[in-house]
2 protein chains.
Amino acid sequence: MNTESWLAQLQSTGCRLTGARRAVVEVMESSDRALTPVEVFDAARQRDPRLGLVTVYRTLEKLEQLGLIQRVHQSRDCQAFLKAGIGHQHLLLCERCGRAVLFDGDDLEALFSRVGEQTGFAIKSHWLQLYGLCRECQTK
Amino acid sequence: MNTESWLAQLQSTGCRLTGARRAVVEVMESSDRALTPVEVFDAARQRDPRLGLVTVYRTLEKLEQLGLIQRVHQSRDCQAFLKAGIGHQHLLLCERCGRAVLFDGDDLEALFSRVGEQTGFAIKSHWLQLYGLCRECQTK
DNA sequence: GCCTTTATTGAAAATGATTTTCAATTACAG
DNA sequence: CTGTAATTGAAAATCATTTTCAATAAAGGC
């Protein structure tokens, strides 16, 4: 049970072990699908019926800070828009000034077919963004 | 003025040309940064002060359908969580059943350095996700 | 140009997700 | 066991997005 190791990590950063945290950790640690806070809430409440949604938010935040869970991108969530380029291109964004530059990702095809073979998935689409500092912002 | 071409594309799909749409198109077409709906609203209102936020949402939706604008991922937005893997890994998600599989992206380093050289950016981080159908879901 | 039709609009209300507030509870150090 | 500070859930507040609806205005036919 990896759950214990997650709880130990929480504890080692000064957190107390509570039933609520245990329930959220058990749900996240055992899921192989991305879950929204409400989905976590519904699942975790079967273990601890007194659990509140607010605690789910707070616990997910802690688990993310510890690197035990990660955010998953689902296109409809993203509410920032930029003009599109010609053809399929990817984005490179400056973390400081927000400038966006497009680049092509021709060399990704090899990666996709390798991953497809290794996993048995039929790969349909992808999402790639790079983040960094543009030339101007590097010198400031 | 590429704006006219965007407006022509809107019109060719049966849309009427209005001041509100013109204002939103001008803002989006001329920005090299990703903008949230409220940011678009603030900027476009300087051209058409009667513009409503609802119309911004509706126009962005149309522009996205036409492929004239694209969504930009900013990590804070994403509200679906998954347990993290060991080390830096990337995600492959089944579009049908939601299953998530991790894969390593060792071969991405070459791409990053090429893009860094071409653009002058110092690349700090990246976000890559693949989407497809897992073996089971392909046969259903 | 002038109707007429119908898409489009903005305001307001409704919805939904997330955050804040706060008093009661509870983990755990001593 | 006890004291105390972290944690909790409920309720309220906030914020983003969607829906509703009556008024407006674009564009096609005359």
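Structural notes, computed from the coordinates. What you see is a predicted model; the values in this text were computed from it and never measured.

The next point concerns the packing of helix 1 (residues 3-12) of chain A against helix 2 (residues 19-30) of chain A. Residues and elements named next belong to chain A. Across the interface, helix 1 lies against helix 2 with an axial gap of 9 Å and an inter-helix angle of 130°. When the axes of helix 1 and helix 2 are compared, the pair comes out oblique. At the point where helix 1 passes helix 2, the crossing takes the right-handed sense. For the pair formed by helix 1 and helix 2, the contact residues are Thr3, Trp6, Leu7 and Leu10 on the first element and Arg21, Arg22, Val25, Glu26 and Glu29 on the second. Among the residues forming the contact of helix 1 with helix 2, the class breakdown is four nonpolar, one polar and four charged.

Before going further, it helps to spend a moment on the protein's contact with DNA strand D. Of all residues adjacent to DNA strand D, which total 20 residues, the nearest are Ala20, Gly52, Thr55 and Gln79 of chain A together with Arg16 of chain B. Of all elements in the fold, only helix 2 and helix 4 (53-65) of chain A together with helix 3 (37-45) and helix 4 (53-65) of chain B reach the threshold of two or more residues within the surface near DNA strand D. Broken down by element, the surface near DNA strand D gets its largest block of residues, three residues, from helix 4 of chain A. Split into classes, the residues belonging to the surface near DNA strand D amount to nine nonpolar, six polar and five charged.

Moving on: the relation of the copies chain B and chain A. When chain B is brought onto chain A, the operation consists of a screw motion whose angular component is 180° and whose axial shift is 0.0 Å, with 0.1 Å RMSD remaining. The superposition operator between the copies reduces to a two-fold rotation axis. Residue Leu128 of chain B, judged by its C-alpha, is the member of chain B lying nearest the rotation axis, at 2.2 Å. The overlap is high: 100% of the interface residues of chain B also sit at the interface in chain A, so the same surface is used on both sides.

Facing 59 residues of chain B, the contacting portion of chain A comprises 59 residues. Listing elements by their share of the side of chain B that touches chain A, those giving two or more residues are helix 2 (19-30), strand 1 (69-71), strand 2 (81-83), strand 3 (90-94), strand 4 (100-103), helix 5 (108-119), strand 5 (122-133) and helix 6 (135-138) of chain B. The biggest single contributor to the side of chain B that touches chain A is strand 5 of chain B, with 12 residues. Grouping the constituent residues of the side of chain B that touches chain A by class yields 30 nonpolar, 18 polar and 11 charged. In terms of strand pairing, strand 2 (residues 81-83) of chain A meets strand 1 of chain B through three bridges, oriented antiparallel. Bridge pairing in strand 1 of chain B places Phe81 of chain A opposite Arg71 of chain B.

This part takes up the protein's contact with DNA strand C. Neighbouring DNA strand C are 21 residues, the closest being Arg16 of chain A together with Ala20, Gly52, Thr55 and Gln79 of chain B. Within the residue set of the surface near DNA strand C, elements represented by two or more residues are helix 3 (37-45) and helix 4 of chain A together with helix 2 and helix 4 of chain B. Among the elements that line the surface near DNA strand C, the one with the most residues is helix 4 of chain B, at three residues. Classifying every residue of the surface near DNA strand C gives nine nonpolar, seven polar and five charged.

A few words on the packing of helix 2 of chain A against helix 4 of chain A. All names here are of chain A. Closest axis-to-axis distance for the helix 2/helix 4 pair is 10 Å, and the angle between their directions is 60°. Crossing handedness for the pair helix 2 and helix 4: right-handed. Contacts between helix 2 and helix 4 involve Ala20, Arg21, Val24 and Met28 from the first element and Thr55, Val56, Thr59 and Leu63 from the second. Residues belonging to the contact of helix 2 with helix 4 are distributed by class as follows: five nonpolar, two polar and one charged.

Now for the sheet that holds strand 3 (residues 90-94) of chain A. Strand order in the open sheet made by the six strands is 4(A)-3(A)-5(A)-5(B)-3(B)-4(B), with mixed pairing throughout. In this open sheet, the two edge strands, each paired with only one partner strand, are strand 4 (100-103) of chain A together with strand 4 of chain B. Averaged over neighbouring strand pairs, the angle between their axes works out to 25° when direction is ignored. Sheet topology note: the strand 3 of chain A/strand 5 (residues 122-133) of chain A ladder contains four bridges and is parallel. Pairing of Leu93 of chain A across the sheet is with Tyr131 of chain A, part of strand 5 of chain A. The strands touched by helix 5 (residues 108-119) of chain A are strand 5 of chain A together with strand 3, strand 4 and strand 5 of chain B; relative to strand 5 of chain A, the strand with the most contacts, the crossing angle is about 130°.

Thresholds applied
- Residues numbered from 1 in each chain as written.
- Chains lettered and ligands numbered in written order.
- Predicted model: local features only at pLDDT ≥ 70, side-chain atom pairs only at ≥ 80, totals over all residues.
- Axes fitted to C-alpha atoms, helices over the stretch in contact; angles between N-to-C directions.
- Helix = DSSP H or I, 4+ residues; strand = E, 2+ residues; numbered from the N terminus.
- Parallel < 35°, antiparallel > 145°, perpendicular 65-115°, else oblique.
- Left-handed = near helix turned anticlockwise from the far one by under 90°.
- Contact = placed C-beta atoms within 7 Å.
- Nonpolar A, V, L, I, M, F, W, Y, C, P; charged D, E, K, R; others polar.
- Near = placed C-beta within 6 Å.
- Least-squares fit on C-alpha atoms with pLDDT ≥ 70 in both.
- Pairing = 2+ DSSP bridges.

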